[in-house]
Structures are given as C-alpha cells and as structure tokens.
Amino acid sequence: MGKLIYLDNAATTKTAPEVVEAMLPYFTEKFGNPSSVYSFASGNKDVIAAQREIIGNALGAKANEIYFTAGGSESDNWALKATAEAYQGKGNHIITSKIEHHAILHTCQYLESRGFEVTYLDVDENGLIKLDDLKAAIRPTTILISIMFANNEIGTIEPIKEIGEIAHEHKILFHTDAVQAFGQVPINVDECHIDMLSSSGHKLNGPKGIGFLYIRSGVKIRSFVHGGAQERKRRAGTENVPGIVGFGKAVERAVSSMEKRTSYERELRDYMIERISKEIPYCRLNGDPVKRLPNNVNFSFRFVEGESMLINLDLKGICASSGSACTSGSLDPSHVLLAIGLPHEIAHGSLRMTLNEEITKEDIDYVVDNLKDIVELIRSMSPLYEDFLKKQK
Amino acid sequence: MGKLIYLDNAATTKTAPEVVEAMLPYFTEKFGNPSSVYSFASGNKDVIAAQREIIGNALGAKANEIYFTAGGSESDNWALKATAEAYQGKGNHIITSKIEHHAILHTCQYLESRGFEVTYLDVDENGLIKLDDLKAAIRPTTILISIMFANNEIGTIEPIKEIGEIAHEHKILFHTDAVQAFGQVPINVDECHIDMLSSSGHKLNGPKGIGFLYIRSGVKIRSFVHGGAQERKRRAGTENVPGIVGFGKAVERAVSSMEKRTSYERELRDYMIERISKEIPYCRLNGDPVKRLPNNVNFSFRFVEGESMLINLDLKGICASSGSACTSGSLDPSHVLLAIGLPHEIAHGSLRMTLNEEITKEDIDYVVDNLKDIVELIRSMSPLYEDFLKKQK
Amino acid sequence: MYTEKVMDHFQHPRNVGEIENASGVGTVGNAKCGDIMRIYLDIDENEIIRDCKFKTFGCGAAIATSSMATELVKGKNIREALEVTNKAVMEALDGLPPVKVHCSLLAEEAIHAALWDYAEKHGIKIEGLDRPKSDIHEGEEEEEEEY
Amino acid sequence: MYTEKVMDHFQHPRNVGEIENASGVGTVGNAKCGDIMRIYLDIDENEIIRDCKFKTFGCGAAIATSSMATELVKGKNIREALEVTNKAVMEALDGLPPVKVHCSLLAEEAIHAALWDYAEKHGIKIEGLDRPKSDIHEGEEEEEEEY
Ligand SMILES: Cc1ncc(COP(=O)(O)O)c(C=O)c1O
Ligand SMILES: Cc1ncc(COP(=O)(O)O)c(C=O)c1O
C-alpha cells in the first residue's frame, strides 16, 4: 500500500514515539513491582505518583483523586456499578443519555436487570441533551447522572458545566465519560462540578490498556477489582508501570500542545466540512456545527451504505469509520445517529473522519476528491438512488 | 549500585527483550483498532486470534476459550463475581482456601457481604489443602470451588487434578488461580477438569497490565466489563494489542523453554535450600519440599524480622520479599504463613526468594553468604534472641 | 476480512445496471436494515436467462454477492437458476465472514423475487418457487449474544 | 522509602547492646505484631542518663527509631528524657513513611517503660509518667481501609 491517511483517531491513535520512548525502560530495566521494599523497585512508586500528579494537574484535581484502570470501559463500569452499589440506600435511579458509549449503556442495562431504574435522556438533532429534560428527570431517588463530555461518533460537546451545576444543586453525583474529550478540550473538574470522570490512554496518543477514573475525594465508591492494596486499596492488580508512564507522558503532551494542535485541527475540520457540504449533494453534517470536538467530521450521504464507502476509501489508503450496521455485524445502525433523528437508511450512510495534527490540507483535498467519486460510484449502483431520480422526473 | 541479583520473580518479572521486540510495532506502526474495517487495522484482529491460539494450545484449550483481561486480579474477580451472579439460582456457597491471593480472598469477602457463603479450607503445614476437607465442605448449594494452582508465597502446588475430579463429580464449577503456575508447570485444563483459570502476563516475562481468563465453553458467566463487543462480547474495551502480542510471545517462550529452564531452576533452588538449611541455625523451610514451584525458596528465620532482612539484602544488591507485616504496612504477617501454622513472630521473619534462569550458582552463593551475616547481625540486635540465649543457659 | 474474490467483485462488480422492460424484476431487503438488492432478468422464449443486471444498496458483501449471483444465473434456464442458492454464491466467492452470510441469502431471494415477478407477468407457475418474503430479515434473529 | 538519616541509623545503629545491672529496663511491643523494643538505661545519682542501649526486633524503621531515641536521651536528665516524644524522634530522622509512625511511638514508649522501671526500682514517682501499656498496639486501630 502507498500513502496511508489515518482519519480514525476517535477509534484509536498512534502511540506517540516519545510516549513509547518513555515507556521502554520500564519493561526491561526498571521492571520492578512498585509494592516491593528494595530500592530497585520502590522508585517505581514515585514514578507512578508523578504521573498521577501530571494527570491531576491537567484536570484541576488532586493527584490522589486519580485511579488508574485498564481503560475507558473499565472506568465507566467502575463508576456506574460501584456508585449504584454504594448509594443503593439513597435510591435506585440513574440518569444518562441515549447517545452514551456502549460502556455506559450496556452497564446501565445490566444495572436495570439488577433492579435499578435508568432514564435515557433524548438529545436534539445536533446531539445535545436538553437541560430541562434533565431537570424534569430528577427524582428523589436519583443517585447518579452520567453524561458524556463529548460524543465519540458525532463529536458533540455536551453542556457539562450546566449539567454539573444541576447535579450539584440536587446533591446528585455526576459522572462524565470524557474518553473523547480529555486532551481535546480543557476540563476542570471543580468548575464543572464533576465527581467522577473516565479517560482512556489510547485516545490521546497514549498506550492501549490503560485508563483512569477520577474520583472526587469524599465519593464513597468501593473497589471494582478487589485484591491487593494498589491504587489506595481501590483498584487491585500489579500496576501497569509502562502503561502508566506512557499515559502520563501522553497527557503532558496533549495538554501542552492543546491550544496549537486543536486550533490547527479545527481549521482543517471546518475546511473539510465546507468542501463536503458544497461539493457532495444530498449530504448532512451530523453533530453540532459549533459545540464540536476539534477533530470530528461526520456526514451522512443519502442512498449510500457506509461499509461500502469505507472499503472504497480503504482502497485509496484512507482509514475512516461509519455508523453503519454492517461495520458492527448487527442490523441496526448506530444508536447515536438514530437518537439525533436520522432515519435508518440515512444513518447507514454515515461516515466519520477524525483528524490528527499530522493530517495536512493536501490530505483533506485528496480525501474529499476521492470521496466525491466514491459516493457517486456507489449511488450509481444504488436502487434507492434510481428510485429517487425517477421520482424527481 | 553494583551488581543486582533479582530474586523476586514471583512479584514480577523482567519483560523479555524478545517480548518487547514483538510488542513494539503495535504502538507506532500497527496501532489500529482491531474492530475497524480498513485493512490497516483489521489485520490486528488476526494477530490477536493468533495469540489466543498460542495460549489455548499451551493449556490444551480452544483458542475461543481464552479471554484477555488486564491481569490476574481482574481475571480472579471476573471468575468469582460472575459465577456467583450466574449460578445464584443454583446456590450461594463457594469453597476456597485460606492461602489464596488477596484477589480471591477479598473478592470472597465482598461476596460474603452480598449474601454468599464461603468456606475457607485449612491447609496442612506444607500448605496443601486436604481433599477430605474439600469433600466434607461440599453442600448442595455449592456453586464454585476456587483453589489456586500454586501458592505465590510458599510455592506449594496444590493437588489440582484431584480437586478437579471432585468438583467434576459433584458438577461444581472449578476455578484455579494459576497466576504463579502457568509457564512454570505443565497445565492441561481437560485433564484437571478446570472450568476457569486465571493468568497474568508479567509473571512469566510478559508485560504488566495484561492477563487472561480461560472459560470452558458452556460455562455461562457474563461480562465483568460491559460495553463494546470485544472478546466475543464478554469483556469490553479496546484490545490492548501490544499487551496481547507480548503475552502471546511470553507464553510461547515460557512453554518452549519450560523443561530446560525449570530443571535448571529446580537444581539451583534445591542447592539454595540445602545451603540455608545447613548453614543458618533456627530456620524453617516454608512450603512443600517436593510439590513446589521450581523457582521458589521460602524460609523463616527465628528472632529476625523480615523487613530488616530485606533492607540489608537490598544494600547488597539482592532483591527479595517477605511475609512480614512491615512490608505491607499492616500489623499482621502473611495470612499464608499463619495458615500453615507459623506463630506470628516466626511468620514475621520469613524471606521469599524466587529465581529465574539468569541466576547462577555463584549468585546463590553470594546471596547465602550475605544472608548468613545478615541473619547473624539482626539476631545480635534482637531482644528475642537475647532472651532465647539466656534461657538456653 | 473479505476474500480476494469478494474484493474483486466489489471493486469490479459485474452486471451493474438496469434492464429496460425486463422480463422480471425483484427487489428485496430494506433500507432500514442497510441492504436492498434489485435484480433485473431478461428471459427469452426458451426460459433461458439472456441477461441479468443488479442494483444494490449495501455493504461490500452485498455488492459482491449481487455481482456473483448475476454471473451465476446468466445463461442458465429458470430451473437451473432456482438452484443458485446462497451457498453456491458464497462458495463461488470463496466464503463470507459469518456476519455477512445474510447478504448471500439476500442475493438468493432477489433472484427468486425476480423470477416470481416473471412468472406472475407471464401467468406461469415455477415449481419450487414461493412468493418472496416482503422483508428478507423477517424471522431472522439478531445474532444471539453469546452469553 | 526511608530518608538518608533513617538509613544511616539502620545501617549504623548507635547504642546496640545490653547494660548489665541497668538502672532501668523497658520492653515494649510484641512479637505478634512484628516489633519489640528493649531499652536499657544507666542513670546516675543526679538523675542523668549516663548510658543507654537497645535491642530491637523489628523493621528498618523500628531499628532506626531505637537508635535515634537512645541518642536523644543519652546525657539528658529524667525530665528532659520524658520530653523525647515520638515526634522528636521522627523529626530527628527527617521523617518516616506514614505506615511506620507507630515505630516512633514504640521508641517513646520503650523509654517511658525503662524510666518507669527505674522509678519503681528506686521507689520514686516521676511526674507525667504513666505505667507503660503492656502492648503498644493496644487501642491502636489498624490503618483504616480508605473506603
Ligand atoms: C497467585 C496470584 N494471584 C493473583 C495475582 C494478581 O495478579 P496481578 O497483580 O497481575 O493482577 C498474583 C500476583 O500478584 C498472584 O501471585
Ligand atoms: C466515549 C467513549 N467511552 C468509552 C470508550 C471505551 O474506551 P476503551 O475502549 O479504551 O475501554 C470509548 C472508546 O472506545 C469511547 O469513545
């Protein structure tokens, strides 16, 4: 294969070379177990503390409020299941939204099967939850509000500060899945009244298999993984030292470069959105045009099915993703696209392209030029398009 | 520091250079998300399948019975909590032993707080469970037997095949924590009637932060981490591709070298045990002398506290561990040493040294020579030794 | 994920298009589920399929199976065409991933639907041919979650 | 984990040993919990601690605090020695890890116990000195699990 244009940074990112560099010594040289007494290993305890400090700082949190996990999914599961268990005495009601990641939604469904009640808030056509809906959903038994910071498919950034204020006012715990937002938008847990926050290393050029859950001190949730005394007795398991070091490095990198990087990406993003909107007929931008992750482009193309777009793009060296059912092997398209009101057949024709700082304007032009041809080609084979054209006449 | 003699391979191991080598491309080159459609990433799906195959083969299991996790603790938590939940209808009784790792014991305590009943089997003075006790403990409501394959402190290898047969006879699920045993002793899940088995990468020269749970097909436990459809919908989270690749490589390495490596280690181990037994008075070998992990040496020295031994050894460049309370910051010494019947003060004076194939006979001599001096020095400062000598007169 | 044959038929689909005044046309699937196949047949007086064209809205496998199915029925007589099962299409493509098997079923159904249309138009009955289901996914279960 | 001062006193403990016919001897802690400290005092007629020795079964911090405590009380009179608190010992060692603070308490208690023994033997009462607890860990809670 020749050139590769990787436009799927919401799925995963390349581990930055300096991140790998930082991790390497912890595999073969400083491989000791941080719990050990001898000096060869006990230094790793300090190294972990330093990463906790970096991450805490990035969020306006204290270092000891950061608990390392194996990734975003574990963090989400921990936050929801342990809160449900710990605050069961207070109530059994949880509020979330219809556009959460499956790590939240399937956990909520699990909790429903265990006797909890869950309200799944609707979103508007741009994917924003409505604050009035949230207020109306609150019950005396509500113990948790979990709303994602930014959506992984359509890039919409939710009104987190306002949600936090409502939660705070009602003394309800507030968790946010910030897997897509952390490192892309500034976050301050105090300003937004966030009590718990999930993050995953591989979404911001860190390694896979490492994440964290921020837990505000005072929040009384217990371990999700029981065992050894690691992570202040709240998450057992020998620490993934290289992973933690890599995560710390990635956060440092993401935070220090955030302004420059995201303003670059935002410009490219808007250029791409403009070209596609203008040059490809019968398309629709999904997600909020303004309250949007700096690197997210998501369109639906009528009469086109997503997977066949993806394969054609792949043949041109372009990596992208789709909310099409076909990419997941199920029959229903993305729940997010349905929640913003797209009919099934249009949801099937969606394409997500998520940029990074290595993408150039030339790359974007190459992608859009190819995309135009591909959409045209697929439409020429589409019975839906045939019917549509006949009706037009 | 000069020479470093690492004798704490039960705590963690050095990631083998060829394992790191195997992992490296998956950080920066082949970093794609295995769930993606495009060819750049979808190859990673096959790579993961290949590792599953390697690991399945090593256990006499099918590849699709291997589910990757973040480590031994998660595997243990998953096996116990999900079994408890899935088989609740059948009963609420679990049988385990007093010498399990905390990942098992604390999970059992958690389950007790949720209404389950747990029998903690005693062990004999060598750390072996008694099969008659096991049989006697079985109730009509017993849903799970979880006994570790080999103990992490004293190295005792339990009669797994016999336990499996008893479990099988009574149609009770059998889980074994093989975190210390896998890669050190041959394991066949069918021969031993094992239904679930936990393992952790970093104990066999693989990376930290990766493990697996073997689940025999037909065992109906659900997800521990809910979310995406990874691991056949049973363990959500973007796959830790480098970790999985490293784990596969480590297993390949451990299995192919097992015979040669462990017979080398066994010889060294027995040499070390003999020298210590002969040359240091008032000591006791902990764990079974024969049914023993090939690399485990564990002694208690009377009148000596463990941590001060460790620090003195550390000053000589020797890394070891102790069941002393002081190393864990709690007041009680290791529950394993108490379970084999050691009085508290003797349990405090225990020392575990776990070898690897890089250790030489000269290293062992260096360690034993130093250990002799250190034990003597500490005893010369010990009021217990003073009292003992006075009584001897 | 796809075999070389599938990719070949996806990249160079045979028989894409429409046939004006076709002897029979069948459309199956629905947009809701993400795949629709339409097959046009041109059948001569000897009941030989002279020509066959398709239009498909769907994933890579849907397009490739449409293409392969049209290739397989072209030149065959009606009875032979009925024997072009989804298995035959899959085999001709060197296999499909399990989650894509339903695409090959869709191709089989599309041919049957076009033949049914031909039979209706000509007032004949083709033995072994049932009225096409209105929705190929009817009665098809969503892939069961393993546990 | 330990400061340089702690490591210095651990590696080169001051005043290890026994004093024959000591003016006062105190032993605190218990083997069950993994630390025992015994302090010997040689006190002259002016109530000045002329010499002080220790024997300790315990971790690195236990040995270092014993050593430092003996250093601190040597040459002091009884009343001054009473003011050698665990905080003073810790500060003199540039601090201890949180889980090791109890070792410094043990050192304070050992001095007090030796002084008590001296007072009993000499039939005097030292103001501000209570009968030593039989077990230093009595009433001490195990470090609370955070949640
Ligand atoms: C027997 C046993 N079980 C479980 C574990 C937990 O493994 P991990 O720390 O990799 O989660 C360990 C090691 O710490 C162990 O020795
Ligand atoms: C919003 C969101 N939450 C949670 C996750 C789960 O993260 P991970 O796959 O690292 O467990 C993802 C990514 O897959 C995500 O985009």
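Here, the structure is the one placed above.
Below is a short write-up of the structure. (Residues numbered from 1 in each chain as written. Chains lettered and ligands numbered in written order. Predicted model: local features only at pLDDT ≥ 70, side-chain atom pairs only at ≥ 80, totals over all residues. Heavy atoms only, no water.)

1. Quick notes on the overall build of chain C
- A count of helical and extended segments in chain C gives five helices and three strands.
- Ordered by position from N to C terminus, the α and β elements of chain C give α-β-β-β-α-α-α-α.
- Against the compact-globule benchmark of 15 Å for 147 residues, chain C has a radius of gyration of 15 Å, which places it among compact chains.
- Taken over the C-alpha atoms alone, chain C extends approximately 50 × 30 × 25 Å along its principal axes.
- By residue count, 54% of the 147 residues in chain C fall in the buried class.
- Sequence separation of 24 or more characterises 60% of the internal contacts of chain C that already satisfy a separation of 6 or more.
- Per element, the accessible surface of chain C, about 6800 Å² overall, is 45% carbon and sulfur.
- Here chain C carries 16 positive and 30 negative side-chain charges, and the mean point of each set is 5 Å from the other. (Helix = DSSP H or I, 4+ residues; strand = E, 2+ residues; numbered from the N terminus. Rg over C-alpha atoms; globule rule 2.2 N^0.38 Å. Buried < 20%, exposed > 50% of the residue type's maximum accessible area, 1.4 Å probe, protein only. Contact = heavy atoms within 4.5 Å. Areas by Shrake-Rupley, 256 points an atom, 1.4 Å probe, with all protein chains shown as cover. Lys, Arg positive; Asp, Glu negative; His and termini not counted. Charge placed at Lys NZ, Arg CZ, Asp CG, Glu CD.)

2. Topic: the sheet that holds strand S3 (residues 49-57) of chain D
Residue and element names in this part refer to chain D.
- Ordered by their spatial adjacency, three strands build an open sheet running S1-S2-S3, and the pairing between neighbours is antiparallel. Looking at strand neighbours, the two that pair on one side only are strand S1 (24-30) and S3, the edges of this open sheet. The sheet shows a mean angle of 10° between the axes of neighbouring strands, taken without regard to direction.
- Sheet topology places S1 next to strand S2 (residues 35-43); seven bridges connect them, and they run antiparallel. For Gly24, the partnering residue across the bridge sits in S2 and is Leu41.
- On top of the sheet, helix H2 (residues 60-73) reaches S2 and S3; it is set at about 175° to S3, its chief contact. (Pairing = 2+ DSSP bridges. Axes fitted to C-alpha atoms, helices over the stretch in contact; angles between N-to-C directions.)

3. Observations regarding the interface of chain B and chain A
- Each partner contributes residues to the interface: chain B has 61 residues there, and chain A has 61 residues.
- Together chain B and chain A conceal approximately 4700 Å² of surface at their shared face, both sides included; 63% is due to carbon and sulfur atoms.
- Our count for the chain B to chain A interface comes out at two salt bridges.
- Residues Glu85 of chain A and Arg114 of chain B are paired through a salt bridge, measuring 3.6 Å at the closest nitrogen-oxygen approach.
- The interface formed by chain B and chain A includes 22 residue pairs in polar contact (both at pLDDT 80 or more).
- Where the side of chain B that touches chain A is concerned, the elements lending two or more residues are helix H1 (17-23), helix H2 (25-28), helix H3 (39-59), helix H4 (72-86), helix H5 (102-113), helix H9 (241-279) and helix H10 (306-315) of chain B.
- Partitioning the side of chain B that touches chain A into residue classes produces 26 nonpolar, 23 polar and twelve charged. (Buried area = accessible area lost by both parts, 1.4 Å probe. Salt bridge = Lys/Arg side-chain N within 4 Å of Asp/Glu carboxyl O. Polar contact = N/O pair within 3.5 Å; in protein donor to acceptor, adjacent residues only side chain to side chain. Nonpolar A, V, L, I, M, F, W, Y, C, P; charged D, E, K, R; others polar.)

4. Remarks on the site of ligand 2
- Neighbouring residues of ligand 2: 14 residues in total, closest Ser73, Asp177, Ser200 and Lys203 of chain A together with Thr238 of chain B.
- Of the chains in the model, those with residues near ligand 2 are chains A and B.
- Between ligand 2 and Ser73 of chain A, the relevant distance is 2.7 Å, taken from an oxygen atom to a side-chain nitrogen or oxygen of the residue.
- The contact in question runs from an oxygen atom of ligand 2 to an N or O atom on the side chain of His101 of chain A, over 3.3 Å.
- For the shell around ligand 2, the leading source of residues is helix H4 (residues 72-86) of chain A, giving three residues.
- Residue composition of the shell around ligand 2, by class: two nonpolar, nine polar and three charged. (Near = heavy atom within 4 Å.)

5. Focus: H4 of chain A
- Here H4 of chain A spans 21 Å end to end across 15 residues, near enough to the 21 Å set by a 1.5 Å rise per residue.
- Across the 15 residues of H4 of chain A, 13 count as buried, placing the element largely inside the fold. (Expected span 1.5 Å × (residues − 1).)

6. A word on the interface of chain B and chain D
- Facing 24 residues of chain B, the contacting portion of chain D comprises 30 residues.
- Of the roughly 2300 Å² buried between chain B and chain D on both sides combined, carbon and sulfur atoms contribute 65%.
- Joining chain B to chain D, the criterion identifies five salt bridges.
- Put simply, chain B and chain D have 13 residue pairs in polar contact (both at pLDDT 80 or more) between them.
- Listing elements by their share of the side of chain B that touches chain D, those giving two or more residues are H10, helix H13 (344-347) and helix H15 (383-392) of chain B.
- Its residues assigned to classes, the side of chain B that touches chain D shows ten nonpolar, eight polar and six charged.

7. Some thoughts on the site of ligand 1
- Within the structure, ligand 1 sits among 14 residues, and Thr238 of chain A together with Ser73, Asp177, Ser200 and Lys203 of chain B are positioned closest to it.
- Surrounding ligand 1 is a set of residues that belongs to chains A and B.
- Between Gly72 of chain B and ligand 1, the recorded distance is 3.3 Å, taken from a backbone N or O atom to an oxygen atom.
- Within the contact set of ligand 1, a nitrogen atom lies 2.6 Å away from a side-chain nitrogen or oxygen of Asp177 of chain B.
- Alone, ligand 1 offers 390 Å² of accessible surface; in the complex the protein occludes 94% of this.
- No other element matches H4 of chain B, which puts three residues into the shell around ligand 1.
- Considering only residue class, the shell around ligand 1 consists of two nonpolar, nine polar and three charged.

8. Looking at the relation of the copies chain B and chain A
- Relative to chain A, chain B is turned by 180° and slid 0.0 Å along the rotation axis, the superposed coordinates differing by an RMSD of 0.0 Å. What we have between these two chains is a two-fold relation. If distances are taken from each C-alpha of chain B to the rotation axis, the shortest is found for Ala70 of chain B, at 3.0 Å.
- Same-surface contact between copies: 100% of interface residues of chain B are shared with the interface of chain A. (Least-squares fit on C-alpha atoms with pLDDT ≥ 70 in both.)

9. Notes on the pairing of strand S6 (residues 173-177) of chain B
All names here are of chain B.
- Taking burial as the measure, the five residues of S6 include five buried ones, the bulk of the element.
- With burial as the criterion, each face of S6 is covered, one bearing Leu173, His175 and Asp177 and the other bearing Phe174 and Thr176.
- Crossover connection from strand S5 (residues 142-146) via helix H7 (residues 160-169) to parallel S6: handedness right-handed. (Right-handed = clockwise from strand over helix to strand, strands pointing away.)

10. Focus on the packing of H10 of chain B against helix H14 (residues 361-380) of chain B
Residues and elements named next belong to chain B.
- At a minimum axis distance of 10 Å, the contact between H10 and H14 shows a crossing angle of 135°. Here H10 is positioned oblique relative to H14, judged by the angle of their axes. Note on packing geometry: the crossing formed by H10 with H14 is right-handed. On the side of H10, the interface is formed by Ser308, Met309, Asn312 and Leu313, while H14 contributes Leu371, Ile374, Val375, Leu377 and Ile378.
- Residues belonging to the contact of H10 with H14 are distributed by class as follows: seven nonpolar, two polar and no charged. (Parallel < 35°, antiparallel > 145°, perpendicular 65-115°, else oblique. Left-handed = near helix turned anticlockwise from the far one by under 90°.)

11. Some words on the packing of aromatic side chains
- In the structure shown here, the tally under the stated rule is 27 aromatic pairs over all chains.
- Judged by centre distance (6.0 Å) and plane angle (25°), the rings of Phe299 of chain A and Phe301 of chain A are stacked. There is no split in this pair, since Phe299 of chain A and Phe301 of chain A are both buried.
- Measuring from centroid to centroid gives 6.0 Å for Tyr67 of chain B and Trp78 of chain B, while their planes differ by 80°, and the two rings are edge-to-face. With Tyr67 of chain B in strand S2 (residues 66-69) and Trp78 of chain B in helix H4, this pair connects stretches of sequence that are eleven residues apart. Here the two residues Tyr67 of chain B and Trp78 of chain B agree in accessibility, since each one is buried.
- By way of ring pairs, the aromatic residues Tyr6 of chain A together with Phe31, Tyr38 and Phe40 of chain B are connected into one cluster.
- Between the NZ or CZ atom of Lys361 of chain B and the centre of the ring of Tyr271 of chain B, over which it lies, the distance is 4.6 Å.
- Over the ring of Tyr385 of chain B we find Arg379 of chain B, and its NZ or CZ is 6.0 Å from the ring centre. (Phe/Tyr/Trp six-rings, centres within 6.5 Å; stacked < 30°, edge-to-face > 60°. Lys NZ or Arg CZ within 6 Å of the ring centre and 35° of its normal.)

12. A word on the pattern of salt bridges
- By the definition in use, this model includes 72 salt bridges over all chains.
- A salt bridge links Lys3 of chain B to Asp363 of chain B; the shortest N-O distance between them is 3.0 Å. Of this pair, Lys3 of chain B sits in the segment before strand S1 (5-6) while Asp363 of chain B sits in helix H14; the two residues are 360 residues apart in sequence, bridging distant segments of the chain.
- With a shortest N-O distance of 2.7 Å, Asp387 of chain B and Arg38 of chain D are connected by a salt bridge. Of this pair, Asp387 of chain B sits in helix H15 while Arg38 of chain D is found in strand S2, placing the two residues in two different chains.

13. Section: empty space enclosed by the protein
- Enumeration according to the criterion identifies six cavities of 30 Å³ or more in this entry.
- There is about 150 Å³ of room inside the largest cavity.
- Residue composition of the lining of the largest cavity, by class: four nonpolar, eight polar and five charged. (1 Å grid on protein atoms, 1.4 Å probe; cavity = no way out; pocket = protein on both sides within 12 Å on 5 of 7 lines; lining within 4 Å. Points joined across faces, edges and corners; volume = space filled by probe spheres on them.)

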